[in-house]
Amino acid sequence: MVPLGALYRGETLYISSFAEGGYPSWYHNVRADPAVIVESGDHVYHGTARVLTGAAYDEFAAWVLANNPLLAEFQATTDQPVPLVVLTLAK
């Protein structure tokens, strides 16, 4: 289990993290298997992770970096793009 904060763009739930020295294990895990289990409080959700790439990544990253000062500050220190993954949870 990896603790990550839930971040939202409107109704879209996404996760990211700092990526010093390479992408974190959770990112590689969802690339290999997009099935996820998310725990939030007392609730457990099953869902699917979608790693953003290409134009979808560029558009979403521009919004994220304009609206998340911590990720923007970190991104300014590295050439490696921050990992961005959108989650779709079963209802």
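Fair warning: this is a prediction, and the values are worked out from it, not measured in the lab.

Observations concerning the sheet that holds strand β4 (residues 43-51)
Moving on, step 1. Strand order across the open sheet formed by five strands is β1-β2-β5-β4-β3, with antiparallel pairing between neighbours. Strand pairing shows two members of the sheet lacking a second neighbour, β1 (7-9) and β3 (35-40), which therefore form its edges. Strand-to-strand, the axes of this sheet are offset by a mean angle of 45 degrees, without reference to chain direction.
Moving on, step 2. Pairing analysis gives five bridges linking β4 to strand β5 (residues 84-89), with the strands arranged antiparallel. Bridging from a neighbouring strand, alanine 49 pairs with leucine 87 of β5.

A word on the packing of aromatic side chains
Moving on, step 1. Applying the stated criterion across every chain, the model contains six aromatic pairs.
Moving on, step 2. Centroid distance tyrosine 14 to phenylalanine 60: 5.2 Å. Interplanar angle 80 degrees. Geometry classified as edge-to-face. You can see tyrosine 14 sitting in strand β2 (residues 12-16) and its partner phenylalanine 60 sitting in helix α2 (residues 54-67), a full 46 residues away along the chain. Taken as a pair, tyrosine 14 and phenylalanine 60 share a single burial class, namely buried.
Moving on, step 3. Both rings, one in phenylalanine 60 and one in tryptophan 63, keep their centres 6.3 Å apart while their planes meet at 55 degrees; by these two values the pair is tilted. Of this pair, phenylalanine 60 and tryptophan 63 both sit in helix α2, three residues apart, roughly one helical turn.
Moving on, step 4. Looking at tryptophan 63, the relative accessible area reads 25%, which means it is partly exposed.

Definitions and cut-offs
Residues numbered from 1 in each chain as written. Predicted model: local features only at pLDDT ≥ 70, side-chain atom pairs only at ≥ 80, totals over all residues. Heavy atoms only, no water. Pairing = 2+ DSSP bridges. Helix = DSSP H or I, 4+ residues; strand = E, 2+ residues; numbered from the N terminus. Axes fitted to C-alpha atoms, helices over the stretch in contact; angles between N-to-C directions. Phe/Tyr/Trp six-rings, centres within 6.5 Å; stacked < 30°, edge-to-face > 60°. Buried < 20%, exposed > 50% of the residue type's maximum accessible area, 1.4 Å probe, protein only.

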